[in-house]
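Reading the structure
The chain contents come next:
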Amino acid sequence: MRKEENTEKENLCSKLQVHFIENTEAEKLEENTASTDQISTDSSVKPEECSKRMNENNSENDAQEAANESKRKHRHENITSQNAEAVEETFYKVTGEAEPERKSHPIRNVILGLLVLILVAGAAISYPIGKEYFQEKSVAGKDIEVTIKKGSTSKDVGAILKKKGVVRYKTAFLLKLYFSDYKGKLRYGTFDLNDGMSLSKVIKELATQNGQKENKFTIPEGYTIEMTADKLEKEGIMTAQEFLTAVTKAADTSRYKNILPDKTKVFYQLQGYIYPDTYYLSKNITGDQLVAKILEEFDKKFDTTRQQKAAQLGMSVEEVLIRASLLQKETELPEEYPIIAGVIQNRLDKKMKLQFDSTAVYAITKGQYGIARVMYKDLEVDSPYNTYKYKGLPVGPICSPSLEAIDGVLNPQKNDYLYFQMNTVKNDGSNIFTKTYEEHKAASATTEQ
């Protein structure tokens, strides 16, 4: 059965090539005929006049040929996106997703063959798609890093490659993939491709190369920009200073630049936006490229739905990140995020100082944390981050919050709690929540060792 299916695919591929060649030759014949018709065949013309007329015709032919070439080029490049998308959509319905091929079935093969045959005829009409499909020689081009996420379909991959500029037409890529030996074998990960690669080369790279880059870098939840910079240097990816410089520079062009805090009042304006996740990095990635990659991931996570939710709560993205960073540092249990989000709102509504130890520690250590025990003198540090010293939220985020912490802010629990403290009896990272100061003092006595 596998042999029959392969034969069917080869026959379809051959028909596609024939259609493409006939299409091309028909255009050339049409242009040659147009040029020949302009040469007079009148036998009464004298030799010297004929020679003169031939010279004139040659000049006219050159001009005509240039015009034809321009017309042909314009005609070839004037394919509408609607037509390309229609062909692609039909092909996608036929070929399905980039998953391992299922067991061959006779009836399915017949239906598949008919659909693909119809598609082949339609695709052959589009010269640009056919031209890219049959181009087998790679040329010099620009290097482009492409990341394919786990679970991506063949259509997803084609869309990513087109967006990155590696291929011109998704349809050409899908056709090439379907008729290749790599159908259902594409891998996920980060790949170094080139916009001069042929489709065959691109597909082979995606199917045979290891997309899991040598430099696998993770930013833990709750890390700060300063801690991330040190981790990058320790792992030999880049110097801490290169990353810090890139972060500072990126703030000036960030889409959030109008809501970022005053650079003279914070350590780093993009604190909180350096999204904690695992990134696969090319060997020679620069600080600017890494920061751009991280901010792109942040934009994907803080999507339109979350931005709309924030707006409904009357919060900017910056304010959400400030609150989320507090949740991240004040509890080890994600299930407590909405509860503490409610406490923060309750204290702000009553004009009470938040009095979170984490804000003072961030100010004292300049983003490095690492203090085992907070002393009373530490809580007196004069910093706009210190919520013991100043009312309201700190001047900016105090770490990179997780998506769960962000969602905790966007979905706060309505409660009457005004106080909470770590439960040192259970010692499981949980907190004890209380409504009054008296209850808070009683809980403190209970948890003292």
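Residues numbered from 1 in each chain as written. Predicted model: local features only at pLDDT ≥ 70, side-chain atom pairs only at ≥ 80, totals over all residues. Heavy atoms only, no water.

Section: the side chain of Glu205
Turning to its location among the elements, Glu205 is positioned in helix H8 (residues 199-208). The buried category is assigned to Glu205, whose relative accessible area is 14%. Beyond its immediate chain neighbours, meaning those up to four positions away, Glu205 contacts Phe191, Leu193 and Met197. (Helix = DSSP H or I, 4+ residues; strand = E, 2+ residues; numbered from the N terminus. Buried < 20%, exposed > 50% of the residue type's maximum accessible area, 1.4 Å probe, protein only. Contact = heavy atoms within 4.5 Å.)

Topic: the nonpolar core
Counting 61 residues, the largest nonpolar core has Phe243, Leu270 and Tyr273 as the members making the most contacts within it. Counting residues per element, the ones that place at least two in this core are helix H9 (225-234), helix H10 (240-250), strand S4 (278-281), helix H11 (287-301), helix H13 (317-330), helix H14 (337-349), helix H15 (357-365) and helix H16 (403-410). By residue number, the principal contributor to this core is H14, which donates 7 residues. Excluding residues that lie within four positions of it along the chain, Leu270 makes contacts with Ile225, Val247, Ala250, Ala251, Ser254, Leu260 and Leu295. Within the second largest apolar cluster, 26 residues are counted, among which are Tyr169, Leu174, Tyr178 and Leu193. (Core = buried A, V, L, I, M, F, W, Y, C linked by side-chain atoms within 4.5 Å.)

Thoughts on the UniProt feature "site: Important for catalytic activity" (unreviewed entry) in the protein
In the numbering adopted here, UniProt assigns the feature "site: Important for catalytic activity" (unreviewed entry) to Glu330. Counting through the fold element by element, Glu330 comes out in helix H13. Setting aside chain neighbours within four positions, we find Glu330 in contact with Ile340, Phe356, Asp357, Ser358, Phe420 and Asn431. A polar contact of 2.7 Å, which involves the side chain of Glu330, links it to the side chain of Ser358. (UniProt positions renumbered as here; feature names shortened; annotations may be inferred. Polar contact = N/O pair within 3.5 Å; in protein donor to acceptor, adjacent residues only side chain to side chain.)

Section: the packing of aromatic side chains
Going through the model one piece at a time under the given rule, you end up with 14 aromatic pairs. Summarising the aromatic geometry, the rings of Tyr256 and Phe298 are spaced 5.8 Å apart at their centres and angled 80° between planes, so their arrangement reads as edge-to-face. With Tyr256 in the loop between H10 and S4 and Phe298 in helix H11, this residue pair connects regions lying 42 residues apart in the sequence. Members of the aromatic cluster, each reached through a chain of ring pairs, are Tyr256, Tyr273, Phe298 and Phe302. A cation sits over an aromatic face here: Lys329 above Tyr369, 4.0 Å from the ring centre. Across from the ring centre of Tyr419, 5.2 Å away, lies the NZ or CZ of Arg347, which sits over that ring. (Phe/Tyr/Trp six-rings, centres within 6.5 Å; stacked < 30°, edge-to-face > 60°. Lys NZ or Arg CZ within 6 Å of the ring centre and 35° of its normal.)

Let's talk about a nonpolar patch on the surface
Taken together, Ile364, Ile371 and Val374 make up a surface patch of nonpolar side chains, about 180 Å² in accessible area. Mapped onto the elements, Ile364 comes out in helix H15. Look at Ile364 and you get partly exposed, because its relative accessible area is 33%. (Patch = residues over 30% accessible without salt bridge, like charges linked within 9 Å, V, L, I, M, F, W, Y side chains within 5 Å. Areas by Shrake-Rupley, 256 points an atom, 1.4 Å probe, with all protein chains shown as cover. Salt bridge = Lys/Arg side-chain N within 4 Å of Asp/Glu carboxyl O.)

Notes on helix H7 (residues 170-178)
Within H7, 9 of the 9 residues are buried, which leaves the element mostly enclosed by the surrounding structure. All of the buried residues in H7 are Lys170, Thr171, Ala172, Phe173, Leu174, Leu175, Lys176, Leu177 and Tyr178.

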